[in-house]
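Each chain is listed here by its residues.
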Amino acid sequence: MEMFLKRAYAEIHLDRARRNMDKIKSLLKDGSELAVVVKANAYGHDDESMALCFQEAGVRWFAVSNIHEAQRLRRCGIQGEILILGYTAPEYAGELSKDRLISTVVSMEHAEALSQEAVQRNVQVRCHGAVDSGMGRIGVPASPPEQCAQELTRISRLPGMKLEGIFTHFACADSGSPEDQEYTRAQRDSFLRACELLKQNGVELEHCHFCNSAGGTYYADGRSTLARFGVMLYGLCPNPELELPFPLEQVMELKAEVSQVKWVEKGAYLSYGRTYQAQEPRRIATVTIGYADGYSRLLSSKGEILLHGKRAPVVGRVCMDQLLADVTGIPEAKAGDIATLIGQDGLERITADDLAARYGTIGYEVVCGISKRIPRIIMDGDKILRVLEY
Ligand SMILES: *Cc1c(COP(=O)(O)O)cnc(C)c1O
């Protein structure tokens, strides 16, 4: 077993990710293939480990945010298709082509600039055209559909460019409100209308896709040739208030060591700013993790940790490298214990989604925010496969 500093670390459980993936696959309708989204270091879970794990399980489509992430995947042995979901500057045309990457085209101007660079370098750039059907972020406007189809047709005929697909992105597929559901269906329908017109223009595309995790779960559709699942692979919910058809297993567990346990007197102040004062004698544990590790300072006096299968509240301000928890109710607590910040301990569990709700964000941000100071311990069952220090 490799050694690593036990101060604070994240366990990444590949077997759980595989089981999540199998459940997700059961949602796919005929005609729809899973594309695993491993952007942002696989939402903090280590992109290489996750991508290789999915590749071994038969996945052929990978999606990332930028060319740097895409090249990392190629270098570690990902052989399937790699779609870059975000913007790639035209000067990378040569590198896109060399690594057989698929670039998103975010606008007509972007397409023309990419085409020019590709022609200059005598390469061909594979691309998927983004269609803006209501997210307002990137893409050719979906409406009016005739104009949308016309622009995409022009893109498909640009020299040096190979338009292989188009896609759109939902703004609120994770919402249960009827207005949002109507909005999502309208997004889908205007996108599909553009696809149809494009076909009538004689533009044959291998791929038209629109589903993310929420889309693929609540609007599963075989007409989306790819289903771009991200967050659910890692065991988080697109929207914790909406039920999923099955339980998922959280892939990441965040742990840290207890450095000291002590009694403090009634009236004692704890941590920066003296925001917490003990109302009676309390037993306090110091835990070796802080906001520089990605445990948000917004969790000051709001977070909870698990120790010996019990919950203990975070008291006072979270510091850069340490935090304090009230373990008065946990007599077994002692220096050297391992506390769970995210994960399961006995019957108690803290999910990234729970933590997010405590400080007004989403689980996505919690896991993406786990910093590179935290070693990732890649595990399969109880077995440690490797330890990654960034
Ligand atoms: C991030 C992203 C996804 C994955 O979203 P999840 O909600 O994590 O499933 C899918 N498509 C696009 C375009 C994205 O940017």
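Predicted, not measured: the structure shown is a model, and the values here were computed from it.

A. Up close: the layout of surface pockets. Reported here for the largest pocket is a volume of approximately 730 Å³. The class makeup of the residues in the lining of the largest pocket is 19 nonpolar, eight polar and five charged.

B. Representation of the site of the ligand in the model. The full set close to the ligand counts 13 residues, and Lys39, Tyr43, Ser213, Val231 and Tyr364 are the nearest of them. Here an oxygen atom of the ligand and a side-chain polar atom of Ser213 are 2.5 Å apart. Taking 390 Å² as the accessible area of the ligand by itself, protein coverage stands at 92%. Judged by the fraction of its atoms near the pocket grid, the ligand is located in the largest pocket.

C. Here's a closer look at the nonpolar core. Grouped together as the largest cluster of nonpolar side chains are 116 residues, with contacts concentrated most on Phe54, Ile166, Ile289 and Tyr295. Ranked by residue count, the leading element in this core is helix H8 (residues 178-200), at six residues. Each residue touching Tyr295, except ones within four places of it in the same chain, is listed here: Leu254, Ile289, Gly290, Gly303, Glu304, Val314, Val318, Leu323, Leu341 and Leu355. Grouped together as the second largest cluster of nonpolar side chains are seven residues, Val264, Leu270, Tyr276 and Ile284 included.

D. Structural view of the environment of Glu11. Structurally, the position occupied by Glu11 is in strand E1 (residues 8-13). Distance in space between the C-alpha atoms of Glu11 and Ala42 is 14 Å, their sequence separation being 31 residues. If we skip the residues at most four places from it in the chain, Glu11 touches Val251, Met252, Glu253, Lys255, Ile377 and Met379. Of note is the side chain of Glu11, whose polar atom sits 3.3 Å from the side chain of Lys255.

E. Up close: unusual backbone geometry. Between Ser143 and Pro144 the backbone carries a cis peptide bond, its omega angle lying at 0°. Looking at the element boundaries, Pro144 is found in the loop between strand E7 (140-141) and helix H7 (145-156). Positive phi, close to 55°, is recorded for Asn41, a residue that is not glycine. Note that Asn41 resides in helix H2 (residues 39-44). What makes Asn41 buried here is its relative accessible area of 10%. If you check the backbone angles, His308 has positive phi at about 50° while not being a glycine. When you line up the elements, His308 lands in the loop between strand E15 (304-307) and strand E16 (310-313). We classify His308 as partly exposed; its relative accessible area is 35%.

F. Representation of the side chain of Ser175 within the structure. As for its position among the elements, Ser175 is in the loop between strand E8 (161-168) and H8. With residues near it in sequence (within four places) discarded, Ser175 still touches Asp180, Gln181, Asn239 and Leu242.

G. Looking closely at the pattern of salt bridges. Within this structure, the stated rule accounts for 28 salt bridges. Across the pair Asp293 and Arg7 runs a salt bridge whose closest N-O atoms are separated by 2.5 Å. Taken as a pair, Asp293 in the loop between strand E14 (282-287) and E15 and Arg7 in the segment before E1 lie far apart in primary sequence, 286 residues in all. Notably, a salt bridge pairs Arg188 with Asp189, separated by 3.1 Å at the nearest N-O pair. You can call Arg188 buried: its relative accessible area is 15%. Several salt bridges share partner residues, and in doing so they unite Arg7, Asp293, Asp321 and Arg373 into one network.

H. Broad picture of the confidence of the model for the chain. Within the chain, residue pLDDT values average 97, and 99% of them lie at 70 or more. By mean pLDDT, the top-scoring element of the chain is strand E3 (residues 61-64) (99), and the lowest-scoring one is strand E21 (residues 383-388) (96).

I. Layout of the pairing of E16. As paired strands, E15 and E16 are joined by four bridges and run antiparallel to one another. Residue Ile305 lies in a different strand from E16, and its bridge partner there is Ala312.

J. Region of the structure containing the pairing of strand E11 (residues 252-264). As paired elements, E1 and E11 share five bridges and run antiparallel to each other. What sits directly across from Ile12, in E11, is Met252. Sheet analysis places E11 next to strand E18 (residues 338-345), joined by four bridges and oriented antiparallel. Looking across to E18, one finds that Ala256 is bridged to Ala339. Relative to E14, E11 is paired through six bridges, and the arrangement is antiparallel. Bridged to Val264 within E14 is Arg282.

K. H7, seen in detail. In this model H7 runs 16 Å from its N-terminal to its C-terminal C-alpha over 12 residues, within 8% of the 16 Å that 1.5 Å per residue would give. For H7, the set of buried residues is Pro145, Cys148, Ala149, Glu151, Leu152, Thr153 and Ile155. Where H7 is buried, its residues meet strand E5 (102-105), helix H6 (108-121), strand E6 (125-132), E7, E8 and H8.

L. Highlighting the state of the cysteines. Under the criterion given, the structure shown has zero disulfides. Considering cysteine sulfurs only, Cys195 is the nearest to Cys211, which forms no disulfide, with 12 Å between them. Of all cysteine sulfurs, the one in Cys368 lies closest to Cys237, which takes part in no disulfide; the gap is 15 Å.

Parameters at a glance
- Residues numbered from 1 in each chain as written.
- Predicted model: local features only at pLDDT ≥ 70, side-chain atom pairs only at ≥ 80, totals over all residues.
- Heavy atoms only, no water.
- 1 Å grid on protein atoms, 1.4 Å probe; cavity = no way out; pocket = protein on both sides within 12 Å on 5 of 7 lines; lining within 4 Å.
- Points joined across faces, edges and corners; volume = space filled by probe spheres on them.
- Nonpolar A, V, L, I, M, F, W, Y, C, P; charged D, E, K, R; others polar.
- Near = heavy atom within 4 Å.
- Polar contact = N/O pair within 3.5 Å; in protein donor to acceptor, adjacent residues only side chain to side chain.
- Areas by Shrake-Rupley, 256 points an atom, 1.4 Å probe, with all protein chains shown as cover.
- Sits in = over half its atoms within 2 Å of the grid points.
- Core = buried A, V, L, I, M, F, W, Y, C linked by side-chain atoms within 4.5 Å.
- Buried < 20%, exposed > 50% of the residue type's maximum accessible area, 1.4 Å probe, protein only.
- Helix = DSSP H or I, 4+ residues; strand = E, 2+ residues; numbered from the N terminus.
- Contact = heavy atoms within 4.5 Å.
- Salt bridge = Lys/Arg side-chain N within 4 Å of Asp/Glu carboxyl O.
- pLDDT = per-residue confidence, 0-100.
- Pairing = 2+ DSSP bridges.
- Expected span 1.5 Å × (residues − 1).
- Disulfide = S-S within 2.5 Å.

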